[in-house]
Amino acid sequence: MGGKYYGSYTLLIPTELRHGRDVAPHKRKTKYHVLSCGAPSAKPKGGATLDIFSNWMMGLSVALQPYNIMIAVVGLILGIIVGVLPGLGGANGCAILIPITFTMSPTSGIILLACIYWGALYGGGICSILFNIPGEPWAVAVTFDGYPMAKSGRAGKALVLSFLSHGFGAIIGLVLLTFFAPIIAEFALRFGPPETAAVMVLTFSAMTRLGGKSALKSLVAIFLGFILAAVGMDIVSGKLRMTFGTIPLMGGFHFIVAVIGLFGLGEIFLTVEEGLKMEGVKATVRLKDILEGLKELVRHRRILMLGSLIGCWLGIQPGGATPASFMAYGFAKSSAIDKDEFGKGAVSGVIAPEAAGHGAGTSATLPMITLGIPGSPTMAVIMGGLMIMGLQPGPMLFKEHADFVWGFIGSIWVANFLGLILVLAFAPAFAAILRIKFSILMPIIIYVCAIGAFAVNNRMIDIYYMIVFGVVGYLFKKLDYPIAPMVLALVLGNMAESAVRQALIMGRGNPIIFFRPPIALPLMLLALFLFFLPTLSKWKKKLSAKN
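Once a new chain begins, its residue numbering starts again from 1 and follows that chain's sequence as written. Under the rules for a predicted model, residues below a pLDDT of 70 receive no local features and side-chain atom pairs below 80 are neither given nor counted, while totals for whole chains, interfaces and linings still include all residues. Working from all heavy atoms in the structure, the side-chain values ignore hydrogens and water.

### Points about the overall build of the protein chain
Reasoning step 1: Think of it this way: any DSSP run of H or I at least four residues long counts as a helix, any run of E at least two long counts as a strand, and we number them from the N terminus. Counting its regular elements, the protein chain contains 21 helices and 4 strands.
Reasoning step 2: Relative accessibility decides the category of a residue: with a 1.4 Å probe and only protein chains considered, values under 20% of the type maximum give buried, values over 50% give exposed, and everything between is partly exposed. Counting all 547 residues of the protein chain, 55% fall into the buried class.
Reasoning step 3: Only heavy atoms matter for contacts: two residues are in contact if any of them lie within 4.5 Å across the pair. Put simply, 78% of the contacts in the protein chain that link residues at least 6 apart link residues at least 24 apart.
Reasoning step 4: Within the structure as shown, the protein chain displays about 23800 Å² of accessible surface, and the carbon and sulfur contribution to it stands at 68%. Accessible areas in this description were obtained via Shrake-Rupley with a 1.4 Å probe; residue shielding takes into account the shown protein chains only.

### Section: a nonpolar patch on the surface
Reasoning step 1: Patch membership requires over 30% relative accessible area and the absence of a salt bridge. Like charges are linked within 9 Å, and nonpolar side chains (Val, Leu, Ile, Met, Phe, Trp, Tyr) within 5 Å. We count a salt bridge whenever a side-chain nitrogen from Lys or Arg sits within 4 Å of a carboxyl oxygen from Asp or Glu. Residues Leu521, Leu525, Leu526, Leu528, Phe529, Phe531, Phe532, Leu536 and Trp539 make up a contiguous nonpolar surface patch of about 830 Å² in total accessible area.
Reasoning step 2: Here Leu528 shows up in helix H21 (residues 520-546).
Reasoning step 3: Looking at Leu528, the relative accessible area reads 37%, which means it is partly exposed.

### Notes on helix H5 (residues 106-131)
Reasoning step 1: A helix is expected to span 1.5 Å multiplied by its residue count minus one. Relative to the 38 Å expected for 26 residues at 1.5 Å per residue, H5 spans 37 Å between its end C-alpha atoms, a close match to the ideal helical length.
Reasoning step 2: One axis is fitted to the seven residues ending at the residue and one to the seven starting there. The bend at that residue is the angle between these axes. Most pronounced at Leu121, the bend in H5 amounts to some 25 degrees.
Reasoning step 3: Counting buried positions over the 26 residues of H5 gives 26, a clear majority of the element.
Reasoning step 4: One or two steps after H5, the chain reaches Asn132, where phi turns positive at roughly 60 degrees.

### A few points about the packing of aromatic side chains
Reasoning step 1: Ring pairs shown here join Phe, Tyr and Trp side chains whose ring centres sit within 6.5 Å, with only the six-membered ring taken for Trp; geometry is labelled stacked below 30 degrees between planes, edge-to-face above 60, and tilted in between. This structure, assessed with the given rule, holds 7 aromatic pairs.
Reasoning step 2: Among the aromatic residues, those joined into a cluster by ring pairs are Phe53, Trp56 and Trp413.

### Topic: the pattern of salt bridges
Reasoning step 1: Counted under the stated rule, the structure contains 8 salt bridges.
Reasoning step 2: Across the pair Arg516 and Glu195 runs a salt bridge, and its minimum N-O distance is 3.0 Å. Of the two residues, Arg516 is situated in the loop between helix H20 (484-506) and H21 and Glu195 in helix H7 (residues 193-207); the sequence distance between them amounts to 321 residues.
Reasoning step 3: Overall, the relative accessible area of 4% leaves Glu195 in the buried class.

### Brief notes about helix H3 (residues 66-84)
Reasoning step 1: For H3, built from 19 residues, the straight-helix expectation of 27 Å at 1.5 Å per residue is met to within 8% by its first-to-last C-alpha distance of 27 Å.
Reasoning step 2: Of the positions making up H3, those classed as buried are Asn68, Ile71, Ala72, Gly75, Leu76, Gly79, Ile80, Val82, Gly83 and Val84.

### Remarks on the environment of Cys94
Reasoning step 1: Tracing the backbone shows Cys94 in helix H4 (residues 89-97).
Reasoning step 2: Classification of Cys94 by relative accessible area gives buried; the value is 0%.
Reasoning step 3: Through-space distance from the C-alpha of Cys94 to that of Gly79 is 8.5 Å; in sequence the pair is 15 residues apart.
Reasoning step 4: Residue contacts for Cys94: discarding those within four places in its chain leaves Leu113, Ile116, Tyr117, Thr378, Val381 and Ile382.

### Some details on the side chain of Glu195
Reasoning step 1: Within the structure, the side chain of Glu195 is placed 3.0 Å from the side chain of Arg516, a separation counted as a polar contact.
Reasoning step 2: In this view, Glu195 contacts Arg516, Ile519, Ala520 and Leu523; residues no more than four positions away in its chain are not counted. N or O atoms within 3.5 Å of each other form a polar contact, as long as, within protein, one can give a hydrogen and the other can take it, and as long as residues adjacent in sequence are counted only when both atoms are side-chain atoms.

### As for the nonpolar core
Reasoning step 1: Counting 136 residues, the largest nonpolar core has Trp118, Ile126 and Met466 as its most contacted members.
Reasoning step 2: At 16 residues, helix H17 (residues 402-431) tops the list of elements feeding residues into this core.
Reasoning step 3: Membership of the second largest hydrophobic core comes to 16 residues, among which are Phe191, Ile373, Met524 and Leu530. The nonpolar core is taken to be a set of buried Ala, Val, Leu, Ile, Met, Phe, Trp, Tyr and Cys residues, with the residues joined through side-chain atoms within 4.5 Å.

### Overview of the environment of Cys312
Reasoning step 1: Along the chain, Cys312 falls in helix H11 (residues 301-315).
Reasoning step 2: Residues Cys312 and His358, 46 residues apart in the sequence, show an inter-C-alpha distance of 8.5 Å.
Reasoning step 3: If we ignore the near neighbours within four places in the chain, the residues touching Cys312 are Ile172, Gly173, Leu176, Gly359, Ala360 and Ser363.

### Thoughts on the packing of H11 against helix H13 (residues 348-363)
Reasoning step 1: Under this scheme, a helix contributes an axis fitted over its contacting stretch, all axes are lines through C-alpha atoms, and angles between N-to-C directions fall in the 0 to 180 degree range. Remark: H11 packs on H13, axes separated minimally by 7 Å, with the N-to-C direction vectors making an angle of 30 degrees. H11 and H13 meet at a crossing whose hand is right-handed. Judged by residue contacts, Ile303, Leu304, Gly307, Ser308, Gly311, Cys312 and Gly315 of H11 engage Ser348, Ile351, Ala352, Ala355, Ala356, Gly359, Ala360 and Ser363 from H13.
Reasoning step 2: Three categories are distinguished: nonpolar for Ala, Val, Leu, Ile, Met, Phe, Trp, Tyr, Cys and Pro, charged for Asp, Glu, Lys and Arg, and polar for the others, with Gly belonging to the last. Looking at the contact of H11 with H13, its residues break down into 8 nonpolar, 7 polar and no charged. Crossing chirality is assigned from the near helix's rotation relative to the far helix, an anticlockwise turn below a right angle marking it left-handed and a clockwise turn marking it right-handed.

### Quick word on the confidence of the model for the protein chain
Reasoning step 1: Note: pLDDT gives the predictor's confidence per residue, expressed from 0 to 100. Model confidence for the protein chain is summarised by a mean pLDDT of 77, while 82% of its residues fall at 70 or above.
Reasoning step 2: In this model, residues 1-22 is a region of pLDDT below 50 whose contacts with residues beyond four sequence positions or in other chains number 70 contacts.

Structure follows, in structure tokens:
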């Protein structure tokens, strides 16, 4: 990106990669080594596409390095295990293992975290289909027909349909990410503080829908996340705030410690209270099941594509995977000829939500990497990991660390294909983990959580913070408050505050600066529309009832 064009083609290669070394992006002195053929000429027609393709190939070369492939396989295996075990999920798996990435280069570290996420997406289907226990909210929809298929003796076929649908949804999301991320990043370079603040307001307005029926609960979660993010030192004046004279609070609450407690311990407390028992269907994946699954995908190709597109569209919105899976299931049921089969083991009932879930999970990377806005709780955790590594997600990442960005995108391609192979080959082995007694798994998970919290700053008080956040997470789940908006507000709190205060300084205190055309104005208007949408919907229902 940004290189000159020489003749018919130009290849931009990071100098360190050309010599076979993978150096951390922030340590590189020379950005690119230019290989070209022919005399200088004007930029050819379609040059932007060729530039994206060249960078994509460069990213694949980074991802296919032996060490990074090994990291990807380890991350996928851990991710599948995390996805199979109810109560963990991709967000908690990434949060617990972020301290491990401190000793890695940023490229290898982000590959590990991302592969945990992709593995968790694949593994979630195993738990839902064989045990009727959705480990994530987006995996609920597949239990409607996946578990009945497994109970009727078609467990292998149901797993194959789930995995292949995940793979297809991932490909659609990856095409969107690969070819549209640079365009969005280029456009986002025009953003100033008012535009950035408008994007933040739009994000928080969209997050109000994560509270289900109650937008008020989402607002409460968002404000609590802002309060937690504000503890410590003021980012402008440098003064302490909300520390109450306590020295440990001067550094604020570390994002990783909070996430481990909210997601990890909160789920474990809830699981212990419910006395979860895991008794499921045994399954084997045979070659016959794979061939039949491929035929079913071809037969239901329209549902497969529809589910993938719905997932990609809703995935760029915060928390989009859950509504995407339910929406795809609804579309599949409404357009099916055999509606009576739904709920009894319909093939379309497995294909649609699984394709939508993985499409949403993959496309959630797009706003995080281009605008610095995570599209899901797991992406918020990964974004926090990037910040710890000294890399700020956003449009400048494409300019300053293009090799890192494209290495990350290339690793997503490699990881999703490797993940598909792993789950097809070893699904029964991963499912066997669920047969371990929860009384044995629980202390191991808590111990790993404590190690992860302690490793952040090597302080015992972080473990106490983790326990407190675990209680908060448990109470949130009992009272039906969404955790995702609070987590995203905790991640984006300082960034949003900085953008708002800089914009007000630019506008000399006049809030009209947030409605500055041509970018900030439509974003703020859209944010206001999304914020008041639940209220407008209620008024519309009341008017319809009166008439």
